[in-house]
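Notes for the structure review
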Amino acid sequence: MPRPREFDEQSVLNAARDQFWTTGFAGTSMDAIAAATGLGKGSLYGAFGGKRELFHRVFDEHCTAAIDSANHRLGGDDEQAFARLTTYLLDHATACAEPGHRGCLLAKGTAELSEHDEVVSARSRKTFEGLHRTITADLEACQRNGDIDPAADARQLAGLLLTVHRGIEALGKAGIDESTLRSITETALAHLPRPPR
């Protein structure tokens, strides 16, 4: 009969995630993960498999959390849909400009591994598709409320906003200041098609 695990699995996964987030997949050794989690390498291998399997696990959890957060922040009644969208995008711009901002694990993992790791590539694609659906749903609520032209293609507009959202992440990592990031976001929002008068 196997012995019960004597550690909190979620705490270990969180510590491993933070290590990958800080040093990337290639820059993270199992020794570093062992030090970060307080577990021996044998325990890590036994519980989670190798480094790649552990990364897949934390990457999947992070992607799920990103979708859940977007759904929570953008879901609600039609009357507040445009305000929610504005707050969601501007908060992201502000966060991306904060000193020491680590960037997004989704963006980092995708950039580093998707070309050679089908698990990461497929999970990234699924996550971006989920974010696209969530933004589309919010824009459709904006259309029903009369904030966005009902004749506009909400899916195409969502694709544009998702691209701005992800681009802001890259610009923030490059050190672009908060006022510029917010100005870019505000410009994108201002150019959404309004209902004809």
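Every value quoted in this text rests on a predicted model; they were computed, and no experiment measured them. (Residues numbered from 1 in each chain as written. Predicted model: local features only at pLDDT ≥ 70, side-chain atom pairs only at ≥ 80, totals over all residues. Heavy atoms only, no water.)

Observations regarding the overall build of the chain
- Across its full length, the chain holds 9 helices and 0 strands.
- Mapped from its N terminus to its C terminus, the chain presents α and β elements in the order α-α-α-α-α-α-α-α-α.
- Based on the C-alpha atoms only, the size of the chain along its principal axes is roughly 70 × 40 × 30 Å.
- Of all intrachain contacts in the chain linking residues separated by at least 6 positions in sequence, the fraction that spans at least 24 positions is 69%.
- For the chain, the exposed area adds up to about 10,400 Å²; of that, 53% sits on carbon and sulfur atoms. (Helix = DSSP H or I, 4+ residues; strand = E, 2+ residues; numbered from the N terminus. Contact = heavy atoms within 4.5 Å. Areas by Shrake-Rupley, 256 points an atom, 1.4 Å probe, with all protein chains shown as cover.)

Describing the pattern of salt bridges
- Inspection of the entire model under this criterion finds 10 salt bridges.
- Taking the shortest distance from any N to any O, the salt bridge between Arg73 and Asp91 comes out at 2.6 Å. Taken together, the residues span a long stretch of sequence, with Arg73 in helix α4 (residues 51–74) and Asp91 in helix α5 (residues 81–96) at a distance of 18 residues.
- The partner of Asp78 in a salt bridge is Arg144, with the nearest N and O atoms 2.9 Å apart. Note that Asp78 is positioned in the loop between α4 and α5 and Arg144 in helix α7 (residues 118–144), a separation of 66 residues in sequence.
- For Asp78, a relative accessible area of 22% puts it in the partly exposed group.
- Classification of Arg144 by relative accessible area gives exposed; the value is 57%.
- It is possible to trace a salt-bridge network through shared partners that takes in Glu9, Arg57 and Glu61. (Salt bridge = Lys/Arg side-chain N within 4 Å of Asp/Glu carboxyl O. Buried < 20%, exposed > 50% of the residue type's maximum accessible area, 1.4 Å probe, protein only.)

A look at helix α3 (residues 41–48)
- Within α3 the residues assigned to the buried category are Leu44, Ala47 and Phe48. Buried residues in α3, looked at end-on, bunch into an arc of 80°, giving them a common side. Across from the buried face of α3, at angles greater than 90 degrees, the exposed residues are Gly42 and Gly46.
- Contacts from the buried residues of α3 go to α1 (9–23), α2 (30–37) and α4.
- Note on α3: the residue one or two positions beyond its end, Gly49, has a positive phi of about 90°. (Arc of directions from axis to C-beta.)

Points about the nonpolar core
- With 28 residues, the main nonpolar core has Leu85, Ile135, Leu139, Ile148, Leu161 and Leu192 as its most contacted residues.
- Among residues more than four places away in sequence, those in contact with Leu85 are Leu74, Ile135, Asp138, Leu139, Leu161, Leu189 and Leu192.
- Formed by 23 residues, the second largest nonpolar core is a distinct cluster that contains Leu13, Ala16, Phe59 and Leu106. (Core = buried A, V, L, I, M, F, W, Y, C linked by side-chain atoms within 4.5 Å.)

Observations regarding the packing of helix α8 (residues 154–173) against helix α9 (residues 178–190)
- Packing of α8 against α9 leaves a shortest axis separation of 10 Å and a crossing angle of 170°. Viewed along their axes, α8 and α9 adopt a mutual orientation that is roughly antiparallel. Where α8 abuts α9, its residues Leu161, Val164, Ile168, Leu171 and Gly172 lie against Leu181, Ile184, Thr185 and Ala188.
- Split by residue class, the contact of α8 with α9 holds 7 nonpolar, 2 polar and no charged. (Axes fitted to C-alpha atoms, helices over the stretch in contact; angles between N-to-C directions. Parallel < 35°, antiparallel > 145°, perpendicular 65-115°, else oblique. Nonpolar A, V, L, I, M, F, W, Y, C, P; charged D, E, K, R; others polar.)

What about the confidence of the model for the chain?
- Model confidence for the chain is summarised by a mean pLDDT of 93, while 97% of its residues fall at 70 or above.
- For the chain, the element scoring lowest by mean pLDDT is α3, at 87; α9 scores highest, at 98. (pLDDT = per-residue confidence, 0-100.)

Details of the side chain of Arg166
- Relative to the elements of secondary structure, Arg166 occurs in helix α8.
- Buried and unpaired, Arg166 has no salt bridge, with Glu169 as the nearest side chain of opposite charge at 4.6 Å.
- Not counting chain neighbours up to four residues away, the residues in contact with Arg166 comprise Cys104, Leu106, Ala107 and Phe128. (Lys, Arg positive; Asp, Glu negative; His and termini not counted.)

Focus on the side chain of Arg123
- Along the polypeptide, Arg123 turns up in helix α7.
- According to the relative accessible area criterion, Arg123 is buried, its value standing at 13%.

Some points on α9
- An ideal rise of 1.5 Å per residue puts 18 Å on 13 residues; α9 measures up with 18 Å between its terminal C-alpha atoms.
- In this fold, the buried residues of α9 make contact with α5 and α8. (Expected span 1.5 Å × (residues − 1).)

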